[in-house]
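Analysis of the macromolecular model
Residue-level listing of the chains:
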Amino acid sequence: MCMIFDGHVHQLPDIDPVETEEWLDSLDAVVDRHGKNRARYLLSRLMARASASQVSFPATVSTPYVNTIPRSEEPWFPGDEHIERRIRAFIRWNAAAMVVKANKAADGIGGHLSTFASSAALYEIGFNHFFRGKADGNPGDHVYFQGHAAPGVYARAFLEGRLSEDDLDHFRRELGRDGRGLSSYPHPRLMPDFWEFPTVSMGLGSLTALYQARYNRYLLNREIDDTSGSRVWAFLGDGECDEPETLGAISLASREQLDNLVFVVNCNLQRLDGPVRGNGKVIQELEATFRGAGWNVIKVVWGSKWDDLLAQDKDGVLLNKMNTTVDGEFQRYATEPGGYARDHFFGPDDRLRQMVSHLTDDDIRNLPRGGHDYRKLYAAYKAASDNLGSGRPTVILAKTVKGWTLGEGFEGRNSTHQIKKMTKKQMLDMRDRLHLQDDIPEELVDDKNPPYIKLGADSIEYQYMMERRRSLDGFVPQRTTRVRKPMSLPDPSAFTEMWSGSNGQAVSTTMGFTRLLRSLTRDDNVGERIVPIIPDEARTFGMDSLFREIGIYASQGQLYEPVDHDLLLSYAESKSGQILEEGITEAGAMSSFIAAGTSYATRGVPMIPFYTFYSMFGFQRVGDLIWQAADMRARGFLMGATAGRTTLEGEGLQHQDGHSLVLASTVPAVQAYDPSFAYEVGAIVDAGIKRMYGGGTPDETDVFYYITLYNENYEMPVMPDTPGIAEAIVEGLYKWADAPSAAGENENAGLIPATLLFSGSAQGAAREAAADLAEHYGVGAELWSATSYKALREEGLSAERHNRLHPSGERRVPRVAQILADSQGPITAVSDFMMAVPEQVMRFLPDRTFMTLGTDGMGRSDTREALRRHFEIDTGHIVVGVLSALLQDGKVDASVVHDAISRYDIDPDAVDPYIV
Ligand SMILES: Cc1ncc(C[n+]2csc(CCOP(=O)(O)OP(=O)(O)O)c2C)c(N)n1
Ligand SMILES: [Mg+2]
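As the structure is a computational prediction, the values presented were derived from the model and not from experiment.

Some details on the overall build of the chain
Per the secondary structure count, the chain includes 35 helices and 20 strands. At 33 Å, the chain has a C-alpha radius of gyration in line with the 29 Å of a compact globule built from 916 residues. C-alpha extents for the chain along the principal axes are approximately 115 × 80 × 55 Å. Here the chain holds 916 residues, and 57% of them are scored as buried. A fraction of 78% describes how many contacts in the chain between residues 6 or more apart in sequence connect residues 24 or more apart. Carbon together with sulfur atoms contributes 50% to the accessible area of the chain, which is approximately 38,000 Å² in total. Within the chain, one finds 94 positive and 128 negative side-chain charges whose respective centroids are separated by 8 Å.

This is the structure in structure tokens:
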């Protein structure tokens, strides 16, 4: 604050110095007479009044360590406090019983007790009063549960009758019962009818929730879907807030006025190893961060019983103690008997000690924190809901105790996150603590097979729960793939341009793709459903041509006339713009891809995202989000532009990508392609749209595509009219050209056969090498385009597996071996990626010499030509590679290889590019 005033106040005009002096003197007098606390109080009141009178003022970033909503402003609690407490107790019990049983049945199976124990009330308030379900085909709210709190969500679904006892007994044991167990965490891939949002990789839940809220606004502003009835709730841990992804995009939420978004941070002050901020105050720190970013921050620090104490705090000593006690100390109060807090928190100051003299030690220990107080939470959630229309996203910072109600061995202990077992005594203590003596007879409690509490259909609690859920539109979470707004497939004419080649013009596959993207956006069937996503690289990819045509999405429209307004390609922002121009955030762009790519399920509105990025900043930069997209069953296209280690000239080591296809091979749902020609890109996108959006079973459709795009210009050939070519491109390999015939009379006679596979931009050198091989060495190399080694590998592995497990059945021949059966001679495979990419199929061709040429090593800045020489994938090196393979097969002499080495001026002793 002082900084702000020091910085600018002296530059402002003082129109009445006498009045100014009076105010300052009054302040001095208050400080002298009543102290700094009083002065602070008066200033706060002045600021509150200023804000109420619309006197704008820079927001303070932190407020005292008390609840944001005072008792006097708490709304009426509309629920039945008693019944809700009983339900919470049942759920707490069942969640713990489920984890304990799982670990008894299979030691080491894991699960978490303490996270949910700290957040039970945070969720139950939501379930009973706020979260909207999907009844009557509504999309409902989008709720992101903290991954480690999953046991509590299962426990509730069990009470609701959605899961059976047998289901709970299969928590983390997913492989029995036809693979229908309960997944460890929220995984739509594993429980596609239940979980919607994968959250357990810390930081990704909050980031993707934020972009989901933004995406909802995008759908609304583009008038594709009315999303105004859906709120996004994201539950996260306080430790999780240290992930850059958690807080990294919060300013976008305020900039975009996402008042449909609520974060609830479970501030139990602990993470896995110990305190989140032992020496500080995580709630205060988060408050400052969120307020600074323009969020509506609601702190729920203290439970109702503290209100009486605060009311007695006439001279501010309690507040001062609250403000100055660090989290490590608060954690300690949760583990020690109440006498400890009496001595250490209240004790040192007589006025404070006096304040709690009427309380027993147990009373003191059980003075609950705000996050365990349903009334405080209800007030906070209600305020967050009522905040709609304010333009500000809300964060609720709820203080809790990690392991709350689990008993002494758990509450506030540093090891609590990982304890999965309870002794009989601990279970009994918990039962008593939850007042469940009448529900669970002592003799049934044991540490091996604790009983679950079941509710009869006519029990008051069951009736209450069901009535609550009915009035909130049904169960949460629930994933459906019911289509609310159907979409048909694009008209084939959208692809026509791709088939016809570039007519002598030199263009890149990126340019080809941009044309395709444009014609898809113009297509009557899918046009409005296309979501182009770009993280500030449109100009690099030549996509700025789309700016004006389809508009850049901007929730506020365009409030200025752009500098290039008179140009055809001006930077045109609009409220109904189609392009998500994300700025420099690959993680944000990927989150938009996930929101759009799962829209078919989350909203029942299929959308087709095309996220185009620097391929280097894809898999290795946001690989975890890509994995999350696979978990969430996203559909769409990831376009890895400026691909290749040598095709992108001049950029060097941190830009040139020779390995994204290796990383792509690790994600089962990813369909990875490395096309050379525009018509191949067209065939892959065409087939991809049909596969993902044309129906079919989820196993086939819930995939997404990774397609490399290069910026090298060459003539794009017309699509060959070979029957079945489109299918062959999708399968991953097809013959592109026969071997050149020998010149002159000896046509076809005497040429030594060889097979050359190329991918992506390696096509140019491969074609030249084939011509040179025929001309200089009498070698006839057939040219094959290998569009997807990943697809070939996966098919091959499945054939191999079939053969392994069916020893006397008919042997399946991997498709790649079938396809290459008619090729001749040794195989040489070349691409602008690491050799590991073509090597994916080597195992299926045991009888063939298989030579790989690739770009292993770290990138360099230079020309394409120099780079290809350095990485040994240029024409000369391909010729040498093929000849060397022929030497291996005994078809040529070493002297022939020597000849080629000197013909192409290759230094055989040049340093290995992999190690420099
Ligand atoms: C990216 C990532 N890193 C590490 C972990 C392992 N991990 C799981 S829970 C946890 C601690 C979580 O603490 P917090 O966010 O405070 O949640 P709490 O359980 O306390 O509510 C850690 C480190 C993870 N799940 N994801
Ligand atoms: Mg925590």
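Remarks on the confidence of the model for the chain
Scored by pLDDT, the chain has a mean of 95; 98% of the residues are at 70 or more. Across residues 1-6 the pLDDT falls below 50, and counting only partners more than four positions away or on other chains, this stretch makes seven contacts in the model.

Quick notes on the pattern of salt bridges
The full count for this structure, using the stated rule, is 56 salt bridges. Among the ionic pairs, Asp-315 bridges to Arg-351, the shortest N-O distance being 3.1 Å. In this pair, Asp-315 is assigned in the loop between helix 11 (304-312) and helix 12 (317-324) and Arg-351 in helix 15 (residues 350-355), connecting sequence segments 36 residues apart. Of the residues examined, Asp-315 reaches a relative accessible area of 42% and is grouped as partly exposed. Relative accessible area serves as the criterion here: at 44%, Arg-351 is assigned to the partly exposed category. Among the charged side chains, a network of salt bridges with common partners joins Arg-71, Glu-74, Asp-307, Asp-308 and Lys-376.

Quick look at the coordination of the magnesium ion (ligand 2)
Distances from the magnesium ion (ligand 2) to its protein donors, Asp-238 (OD), Asn-268 (OD1) and Gln-270 (O), fall within 2.0 to 2.1 Å. Mapped onto the sequence, the donors of the magnesium ion (ligand 2) take the spacing D-x29-N-x1-Q. Of this pair, Asp-238 sits in the loop between strand 2 (232-237) and helix 8 (244-247) while Gln-270 sits in the loop between strand 3 (261-267) and helix 10 (282-292), placing them 32 residues apart in sequence. The same class applies to Asp-238 and to Gln-270, which are both buried.

Remarks on unusual backbone geometry
The omega torsion across Val-476 and Pro-477 is -5°, close enough to zero to call that bond cis. Its identity is not glycine, yet Asn-503 carries a phi of approximately 55°, on the positive side. Here Asn-503 is to be found in the loop between helix 20 (496-499) and strand 6 (506-507). At Glu-872, a residue that is not glycine, the phi angle is positive and equals roughly 65°. Its location among the elements puts Glu-872 in the loop between helix 33 (864-871) and helix 34 (875-888).

Quick word on the nonpolar core
The biggest cluster of nonpolar side chains holds 108 residues, and the ones touching the most others in it are Leu-210, Phe-263, Trp-295, Phe-346 and Met-590. It is helix 7 (residues 204-221) that contributes the most residues to this core, nine residues altogether. Leu-210 has contacts with Ala-249, Ile-250, Leu-252, Ala-253, Leu-258, Leu-261, Phe-263 and Trp-295, leaving out every residue within four places of it along the chain. In this structure, Ile-69, Trp-93, Ala-149 and Leu-406 belong to the second largest nonpolar core, which totals 76 residues.

Side note on the packing of aromatic side chains
In this description, an aromatic ring pair is defined by two values, namely the gap between the centres and the angle between the planes. Per the counting criterion, the structure on display carries 54 aromatic pairs. Ring plane angle 65° and centroid distance 4.9 Å describe the contact between Phe-290 and Trp-295, whose orientation is recorded as edge-to-face. Accessibility classification places Phe-290 together with Trp-295 in one group, the buried group. The aromatic ring of Phe-330 is capped on one face by Lys-399, whose charged end is 3.3 Å from the ring centroid. A cation over a ring is seen here: Arg-635 above Tyr-600, with NZ or CZ 3.6 Å from the ring centre.

Details of the sheet that holds strand 17 (residues 752-758)
Across the sheet, five strands lie side by side as 16-18-17-19-20; this open sheet has mixed pairing. Strands with a single pairing partner mark the edges of an open sheet, and in this sheet they are strand 16 (733-737) and strand 20 (850-853). The sheet shows a mean angle of 30° between the axes of neighbouring strands, taken without regard to direction. When strand 17 meets strand 19 (residues 827-830), the two strands line up parallel, connected through four bridges. Bridge pairing links Leu-756 to Thr-828 in strand 19.

What counts, and at which threshold
Residues numbered from 1 in each chain as written. Chains lettered and ligands numbered in written order. Predicted model: local features only at pLDDT ≥ 70, side-chain atom pairs only at ≥ 80, totals over all residues. Heavy atoms only, no water. Helix = DSSP H or I, 4+ residues; strand = E, 2+ residues; numbered from the N terminus. Rg over C-alpha atoms; globule rule 2.2 N^0.38 Å. Buried < 20%, exposed > 50% of the residue type's maximum accessible area, 1.4 Å probe, protein only. Contact = heavy atoms within 4.5 Å. Areas by Shrake-Rupley, 256 points an atom, 1.4 Å probe, with all protein chains shown as cover. Lys, Arg positive; Asp, Glu negative; His and termini not counted. Charge placed at Lys NZ, Arg CZ, Asp CG, Glu CD. pLDDT = per-residue confidence, 0-100. Salt bridge = Lys/Arg side-chain N within 4 Å of Asp/Glu carboxyl O. Donors = N, O, S within 2.8 Å, 3.2 Å for Na, K, Ca; no water. Core = buried A, V, L, I, M, F, W, Y, C linked by side-chain atoms within 4.5 Å. Phe/Tyr/Trp six-rings, centres within 6.5 Å; stacked < 30°, edge-to-face > 60°. Lys NZ or Arg CZ within 6 Å of the ring centre and 35° of its normal. Pairing = 2+ DSSP bridges. Axes fitted to C-alpha atoms, helices over the stretch in contact; angles between N-to-C directions.

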